[in-house]
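# Commentary on secondary and tertiary structure
So the chains spell out like this:
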Amino acid sequence: MRLEKCWFCSSTVYPGHGIQFVRNDAKIFRFCRSKCHKNFKMKRNPRKVKWTKAYRRLHGKDMTQDSTFEFERKRNRPERYDRNLSENTLKAIKKIDKVRVDREARHHALRMKGKKAKEQREAAKELEQGIHMVKAPAVLEKEPSLTLPKIKVKVSRPQAEENHPMEE
């Protein structure tokens, strides 16, 4: 069973699924769903469409350089069947998947490292602005340090309207 990659979004295309487009120069494009096919026909660049793997890799949201990706590459060279080799390969696949998952988790943790401090700063700012919603009014009256300083503003009085007939 051969699993292909979608040309547009890089997701897996299973046998019997997706759409295949063959250009006049015999270049084959495989798409996982009509969404990818339509975007291809509209000549959209996958690196500029936010939900594609190409965009995520280009903008540092997914890992790009890793030795575990080497094992996922397509090989067209036939190998003679060897039971020991296939057993070792299956064992290695499990180890490689575990290594890849660990590295992706580390990559994700590094990306999210500064986000927690940023969220705390935003929460503190929001709390400072909306302290009147959190504290009861009676507590705010007793402890003036919790309230924001009141600013006195002069308001000019509107001039009394004289009886001017409305112009039509």
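Residues numbered from 1 in each chain as written. Predicted model: local features only at pLDDT ≥ 70, side-chain atom pairs only at ≥ 80, totals over all residues. Heavy atoms only, no water.

Labelled according to an unreviewed UniProt entry, the protein appears under the name TRASH domain-containing protein, originating from Vitis rotundifolia. One UniProt comment on the protein, placed under Sequence similarities (unreviewed entry), says "Belongs to the eukaryotic ribosomal protein eL24 family." Under Subcellular location (unreviewed entry), UniProt gives the following word-for-word description of the protein: "Nucleus". (UniProt positions renumbered as here; feature names shortened; annotations may be inferred.)

### Things to note about the environment of T52
Looking at the secondary structure, you find T52 in the loop between helix 1 (34-41) and helix 2 (53-58). Each C-alpha atom of the pair T52 and F8 lies 7.2 Å from the other, and the pair is 44 residues apart in sequence. Once residues within four sequence positions are removed from consideration, T52 is found in contact with F8, C9 and P46. Among the polar contacts listed, one links the side chain of T52 to the backbone nitrogen of Y55, at a separation of 3.3 Å. (Helix = DSSP H or I, 4+ residues; strand = E, 2+ residues; numbered from the N terminus. Contact = heavy atoms within 4.5 Å. Polar contact = N/O pair within 3.5 Å; in protein donor to acceptor, adjacent residues only side chain to side chain.)

### As for the pattern of salt bridges
When the charged atoms of two side chains with opposite charge come close together, those side chains can pair. The final tally for this structure, using the stated rule, is 5 salt bridges. For D25, the salt bridge goes to R23, with nearest N and O atoms at 3.1 Å. Of the charged contacts in the structure, one is a salt bridge between D102 and K98, with a shortest N-O distance of 3.6 Å. With D102 and K98 both in helix 3 (residues 83-111) and 4 residues apart, this pair spans about one turn of that helix. Take K98: its relative accessible area is 55%, and that puts it in the exposed class. (Salt bridge = Lys/Arg side-chain N within 4 Å of Asp/Glu carboxyl O. Buried < 20%, exposed > 50% of the residue type's maximum accessible area, 1.4 Å probe, protein only.)

### What to know about the UniProt feature "domain: TRASH" (unreviewed entry) in the protein
In this numbering, the UniProt entry assigns the feature "domain: TRASH" (unreviewed entry) to residues 6-44. Segment residues 6-44 splits into 21% helix and 26% strand. End C-alpha atoms: 15 Å apart.

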